[in-house]
Amino acid sequence: MPFRETFWNIPHWAEIGQYILGLLTILVFAYGVFRRVKRWRMGQPEKRFDQIGKRLWSVLVDAFGQARTAQDAYAGIMHLTIFWGMVALFIGTALATVDWDVTHLFFGFQFLINGAYILYELILDIFGVLLLVGLGMAVYRRYFIRPPRLQPATAWQNALAQNVDRDDAYALVMLTLITLSGYFVEGLRIAVSKPEWSPWSPVGNALASWFIVTGDPTNRTLHLTLWTIHILVAFILIASIPFTKLFHILAAPLNIFFRSMQPAGTLIPARNDDQVGVKEWRDFTWKQLLDFEACVRCGRCQDACPAFASGASLSPRNFIISLKTHLWDTSSGHRLHGDVISSKELWACTSCRACVQVCPIFVDHLASIVDMRRYLVNEGEIDALLQKTLANLGRYGNSFGQSERLRVKWTQPIQAVIKDARKEAVEYLWFVGDYASYHVMFSDITRKTAQVFQKADLDFGILYDAERNTGNDVRRVGEEGLYESLVEKNAAVMSKCKYNTIVTTDPHTYNTLKNEYPANGNNHPVLHYTELLDQLIAAGKLQINKKLNYKVTYHDPCYLGRYNGIYDAPRRIIRALGCELTEMPRHGDRAFCCGAGGGKIWMEEQPEVKERPAESRVREAAGIPGVSTLVTTCPKDLVMFCDAVKTAGLEGKILVKDLIELVDEAM
Amino acid sequence: MNQDIYVVIEHLRGKTADISYLMLAGARALAQATGGEVIAVLLGHNAQSLANNMAADKVLYVEHPALAEFTSDAYQRTLAGLIAGKEPRAVLFASSSIGTDAASVLSARLKLPLISSCQSFSADGRPICQICGGKIMAESDLPDTTTLLTMTPGGYKPEEGQSGKAPDVIKVEAPSLDNLRVTLKQYIEPEAGDVDISKEPIIVSVGRGIQNQDNIEIAEELARALGGVVAASRPVVDQGWMSTSRLVGKSGKKVKPKIYLALGISGAPEHVEGMGESEVIIAINTDTNAPIFNVAKYGTTVDLFDLVPALTEKLREVKKV
Amino acid sequence: MNVVALFKLVPDLVEELEIDQSGTALNTDFLRLIINELDDHAIEQAILLKERSGARMTVIGSDAEGADDVLYTAVAKGADQLIKLMGDPNAVINNHAMARATAIVLKELQPDLILTGVQAHNDLDGSIGPLVAEYLGMPYVGYVSGVNVQNGRIVVRKEYPGGLIAEMEVDLPAVVGIQSAEQPPRYVTVNKVRQAMKTAAIEERPLPALDVSGGAAIRRMFKPESATRAKMIEGSTEEVTARLLDIFKEIGAL
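Please read all numbers here as calculations on a predicted model, not as lab measurements. (Residues numbered from 1 in each chain as written. Chains lettered and ligands numbered in written order. Predicted model: local features only at pLDDT ≥ 70, side-chain atom pairs only at ≥ 80, totals over all residues. Heavy atoms only, no water.)

**Details of the interface of chain C and chain A**
For step 1, the next point in the chain: Listed by partner, the interface residues are 18 residues for chain C and 22 residues for chain A.
For step 2, the next point in the chain: Of the roughly 1600 Å² buried where chain C meets chain A, counting both sides, 42% is carbon and sulfur surface.
For step 3, the next point in the chain: For the chain C face of the interface with chain A, the top three residues by lost area are Arg32, Tyr187 and Arg194 of chain C, together amounting to 38%.
For step 4, the next point in the chain: In this structure, the salt-bridge partner of arginine 395 of chain A is aspartate 12 of chain C, at a minimum N-O distance of 3.2 Å.
For step 5, the next point in the chain: Going through the elements one at a time, β3 (33-35) and α5 (190-199) of chain C are the ones with two or more residues in the side of chain C that touches chain A.
For step 6, the next point in the chain: Of the residues forming the side of chain C that touches chain A, the biggest block, five residues, is contributed by α5 of chain C. (Contact = heavy atoms within 4.5 Å. Buried area = accessible area lost by both parts, 1.4 Å probe. Salt bridge = Lys/Arg side-chain N within 4 Å of Asp/Glu carboxyl O. Helix = DSSP H or I, 4+ residues; strand = E, 2+ residues; numbered from the N terminus.)

Have a look at this one:
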């Protein structure tokens, strides 16, 4: 009858010892967890218990299913095999414990017998192999392929790099030791007890054949030795979970559970007390501290970051690692601002959200960057150009420092007068935006937008010179007060107008109007012009008179794509116009930011930058064979790419156009 | 009160400033309306010879060691007595670091009216002033008493105030100049730049319109293609985007190149003071109302970010041939 | 030490300036006022002095649209005392009148150092700093870009053309005309200014009667002659480029 004698060959004292160690392990583990939770609670409060159902579902899909981890195929296989391998083996041990210490002890029966036992052994052996495969993949990648994102980068980090390296190695070494010792224990047991059903433990069975030479008493001794090793390693592993990288077993699902369920485009609110932004680590919320602790240093965020790619000082990965280390650094007296995180790093961020999007643990790097920026802005530690721009925004309501009256200069050549939404009711309130209104490169395109709306017989109006910058990037820069004052001004004007829907040219305007203005009372639906045109085309209300046969590629603006999930509408429009669309390698939610967001277009460029993000992007577009035009749907993208085409020497090789230009041409 | 026009000569470290000659020319124009003489007022120490090429009818020279270099207190005390004693129709000061330190204080001390930023005089002797960044001109009446005026360049040429014939020099007694409240400690030379822009025949100059430090690159490329150098207006230098050795203007260098290309420069008087005498000024500015177009010979409102690279490229092509 | 910064509001040149009906003054319809940029530098320099030497700093300006904002922003930067001079908004005013009246107020404050911008673009009768100095009997140095307090006197860096600097020693009390502060005027967040509005108080003092003698009567105001205006080159970038190349050839630069 297939069965395994629990504690076979294990003397009584070892059995007792195991239980005592087990108890100790649990105590140490609990203490470790408690210590960490206590530190998180030193942070500021934050409400993250809403929408429990949605949260649990996310844990299922993203923590257990590891959906994001699997987006990198190699890493997906590697981690899932390790994870499920360990889970299976852990469940296996748990079942064995229940079988012996519960059902046998209290109810007089055991269930790991016969068929159940055979299946049990087989499954565990297989999962053990999978686990070793995963571990092998991990070792190979980390120590042989050595991808840059797994290497520590900053000088500051290098001082602690040894600890980090050791931590990374520790997990792999321990898991390998447990698995191998486990197999050897099994093999040695089979070698001595020679059960008939041993082929159902294929690995153990194969190993057993190695020990035919050593013979019985030796094998028993070896068995006990390896069993002791296995127990010790396992307990040390478990006890060390809260003190090592393995803590992510708990922290990652927790982090995923507590992630923000707000739309991506909603920034964390500023605190309402005296402290503005984050000055020291205790000013972070407990959730932000959990973010730092849950990070496993996979570095995907660094790979996705346009600032890092350009050579600037920021690496989202190192940002989080530095913060996590700082959290526990009680003796060095390092200050958060300046010693741990430099202001250069903070200002290098374009708020593109690629890091947040790609993180398998759902760390929100951006929230912490903005929170730290808020402090710098409050202290006035911002570069001169940004200061000037903020002053201009405060005084003139636009980032160009031009008079409000010039906002509508672009309308002058237009014959049919555009309705003034302040005076008449309109169906669509068109929020034009600073760049589309003031920037010399864009006025023609804004006129075309108006023409397209007119040709489509839309009832639309604008706010004329009462429109102000909606403040999206002001908020990402960290000037909450200025943001609020802009919102007030816009809301005051908008509340007096009668309209059904807001339509915007600029995705930045779109983002804040849609996701953040409702909190201030604006509840009208907001559309980006691509959504609107898409609707009109679908309803047959847009007359496309000629098909354009251009071969184009499309750049997903950060604030349209990653932030608001609008990927398909612009593509449908491009196809409806008769253009042939070829995707760039980095498209959709992996689109590479042009580098203007987060207020960067208002700042001086950092000298370390080797290749501007916009240049990298236009090279990517120009590199697609046959493609003549790079199409975009954001005014800042257009400005950045047109400039980049010149500086990268690609004039004549690729055109940059806003989608509305193509629509206008086709009508 | 007589009808003479006095000109307070501005000199620095042994050299007469161009604006002094310019004022002499202006004084001549005003004197024609008032019917008086043009009298230069020179304060200094062993500085008499500076008067030799001045187009003045007379020179009043006050000699005192404390007047060797300009300090506001010393000049104010000396001129107060002189002006109160002589009662001229008008006294012209330079609208400069030296002139303005003296003029306003004297206006209050002597209770005499002051008109500032005067650029020229109308035919009947009315001062025409340039204010509001060069956007507005104001013509005033010359009050009926000794009037102090500060003059800015633009209305007259320094050459018009120079003369081959040395005027008569009349020595005037200096007042007691003890216990001065303002004393000169030392001069600090500017950082020696790699280039002396005042000697360059072709200058490509950038202003606020260049928007940020990196864009200056396109101006440098154009300058290279033209065989010239890059200079800048005050806002650019204040931001630290270019060194002070490249500053053109009132506080910077005065340049008279063959070609002065002004990119994104509005043309405020302080800047024009430094380049207004260039042979050919070409202004590129998207604001059609920018005052620079009033001093430029040619102008265009095409965006400099489109024009400059295009120009550079065409120049390179032409030069290769 | 008692430091006072004087400011005034001037027409914002970002807007188009128009002459009014009378032809002797600016049309105030679309006129926006902004702090005289050099006065902003004076305030910044005063704050720097306060930060370096612990001086007490007062900001004074006269009542006009936007004056409150300037005052609250100054206190958010660190000013200790705010004074707004209240007068008849329709009164004809020039710098002489303003200087006389301000001098009376300043005498009460007994300042050691008064900083103000060395000029404002709408000055027609000289700038206010030296006039105030004389009415208070204090020495004046203008075109200053650095101020240091040393042993009860100040050492200032006076700017001359070509980047030359003259270091002058000045007895206190004195008035200094600022050309630029040692660092550009700092930014204060909207929140800080709002905080200031809640906690700071602006002292309103009546402006003593104005005596405008010392100025001049404007006969006419006009925009610069277009007779001397540049020959404008129109057209596309290509056309303008071509024309400019021709000009370069004509001048002999090629």
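Still to come is the rest of the account.
**Side note on the sheet that holds strand β3 (residues 460-462) of chain A**
Residue and element names in this part refer to chain A.
For step 1, the next point in the chain: Pairing within the open sheet is parallel, and its five strands lie in the order β1-β3-β2-β4-β5. Pairing within the sheet leaves two strands with one partner each, and these edge strands are β1 (419-420) and β5 (526-528).
For step 2, the next point in the chain: Bridge count between strand β4 (residues 501-504) and β5: three bridges; the pairing is parallel. Counted as the bridge partner of isoleucine 502 is valine 526 from β5.
For step 3, the next point in the chain: Along the sheet, helix α22 (residues 529-538) contacts β2 (428-431), β4 and β5; its crossing angle with β5, the most-contacted strand, is approximately 85°. (Pairing = 2+ DSSP bridges. Axes fitted to C-alpha atoms, helices over the stretch in contact; angles between N-to-C directions.)

**Let's talk about the domain arrangement of chain A**
All names here are of chain A.
For step 1, the next point in the chain: The domain boundaries assigned to chain A delineate domain 1 (52-149 + 158-256), domain 2 (262-381), domain 3 (400-536) and domain 4 (538-666).
For step 2, the next point in the chain: Here the C-alpha centre of domain 4 lies 21 Å away from the C-alpha centre of domain 3.
For step 3, the next point in the chain: Every contact between the two is made by 33 residues of domain 3 and, on the other side, 35 residues of domain 4.
For step 4, the next point in the chain: For the pair domain 3 and domain 4, the summed buried surface comes to about 3100 Å²; carbon and sulfur atoms form 68% of the total.
For step 5, the next point in the chain: Together, Tyr435, Asp534 and Leu536 form the three largest contributors to the area buried by domain 3 at its contact with domain 4, with a combined 19%.
For step 6, the next point in the chain: Our enumeration of links across domain 3 and domain 4 arrives at four salt bridges. (Domains from an automatic or database assignment.)

**Let's talk about the nonpolar core**
For step 1, the next point in the chain: In this structure, Phe284, Trp430, Leu533, Leu577, Leu659 and Val663 of chain A are the most contacted members of the largest nonpolar core, which totals 160 residues.
For step 2, the next point in the chain: With residues near it in sequence (within four places) discarded, tryptophan 430 of chain A still touches Trp410, Thr446, Thr449, Ala450, Phe453, Phe460, Gly461, Ile462, Glu467, Val503, Thr504 and Thr505 of chain A.
For step 3, the next point in the chain: Leu82, Val141, Val147 and Val170 of chain C belong to the second-largest nonpolar core, a separate cluster that totals 72 residues. (Core = buried A, V, L, I, M, F, W, Y, C linked by side-chain atoms within 4.5 Å. Buried < 20%, exposed > 50% of the residue type's maximum accessible area, 1.4 Å probe, protein only.)

**Observations concerning the packing of aromatic side chains**
All names here are of chain A.
For step 1, the next point in the chain: Counted according to the given criterion, the structure contains 22 aromatic pairs over all chains.
For step 2, the next point in the chain: Pairing tyrosine 140 with phenylalanine 144 gives two aromatic rings, centres 5.8 Å apart and planes at 20°, and the pair type is stacked. Linking tyrosine 140 with phenylalanine 144, this pair stays in helix α4 (residues 114-145), spanning four residues, or about one helical turn.
For step 3, the next point in the chain: Given the relative accessible area of 60%, phenylalanine 144 is considered exposed.
For step 4, the next point in the chain: Ring geometry for phenylalanine 257 against phenylalanine 258: centres 5.0 Å apart, planes inclined by 85°, an arrangement best described as edge-to-face.
For step 5, the next point in the chain: For phenylalanine 258, a relative accessible area of 10% puts it in the buried group.
For step 6, the next point in the chain: By way of ring pairs, the aromatic residues Phe49, Phe257, Phe258 and Trp286 are connected into one cluster. (Phe/Tyr/Trp six-rings, centres within 6.5 Å; stacked < 30°, edge-to-face > 60°.)

**Examining the pattern of salt bridges**
All names here are of chain A.
For step 1, the next point in the chain: On inspection of all chains with the given rule, the structure shows 83 salt bridges over all chains.
For step 2, the next point in the chain: The closest approach of N and O atoms between arginine 142 and aspartate 168, which form a salt bridge, is 2.9 Å. With a gap of 26 residues between them, arginine 142 in helix α4 and aspartate 168 in helix α5 (residues 155-193) connect regions that are remote in the sequence. Each of the two residues, arginine 142 as well as aspartate 168, counts as buried.

**Observations concerning the environment of histidine 439 of chain A**
All names here are of chain A.
For step 1, the next point in the chain: Topologically, histidine 439 is positioned in the loop between α17 (434-438) and α18 (443-455).
For step 2, the next point in the chain: Look at histidine 439 and you get buried, because its relative accessible area is 14%.
For step 3, the next point in the chain: For the pair histidine 439 and proline 635, spaced 196 residues apart in sequence, the C-alpha separation works out to 8.9 Å.
For step 4, the next point in the chain: When neighbours within four sequence positions are excluded, histidine 439 is seen to be in contact with Phe400, Asp434 and Val639.

**Let's talk about the state of the cysteines**
All names here are of chain A.
For step 1, the next point in the chain: If you walk through the whole model with that rule in mind, you get zero disulfides over all chains.
For step 2, the next point in the chain: Not engaged in a disulfide, the cysteine cysteine 298 finds its nearest cysteine sulfur in cysteine 359; these two sulfurs lie 6.1 Å apart.
For step 3, the next point in the chain: On the basis of relative accessibility, which here comes to 19%, the residue cysteine 298 falls in the buried class.
For step 4, the next point in the chain: Here cysteine 355 is not disulfide-linked; the sulfur of cysteine 352 is the nearest cysteine sulfur, at 6.3 Å. (Disulfide = S-S within 2.5 Å.)

**A short note on the sheet that holds strand β8 (residues 127-131) of chain B**
For step 1, the next point in the chain: The sheet built from 10 strands is open, its strands ordered β11(B)-β5(B)-β4(B)-β1(B)-β6(B)-β10(B)-β7(B)-β8(B)-β9(B)-β12(C) with mixed pairing. A single partner strand is all that each edge strand has here, and the edge strands are β11 (168-172) of chain B together with β12 (218-222) of chain C. Here the average twist between neighbouring strands, direction ignored, is 35°.
For step 2, the next point in the chain: Pairing geometry for strand β6 (residues 90-94) of chain B and strand β10 (residues 147-151) of chain B, over five bridges, is parallel. Each residue of the ladder has a partner; that of valine 91 of chain B, found in β10 of chain B, is leucine 148 of chain B.
For step 3, the next point in the chain: Each of β1 (5-8), β4 (38-44), β6, β7 (114-121) and β10 of chain B is contacted by helix α1 (residues 18-34) of chain B, which is oriented at about 170° to β1 of chain B, the strand it contacts most.

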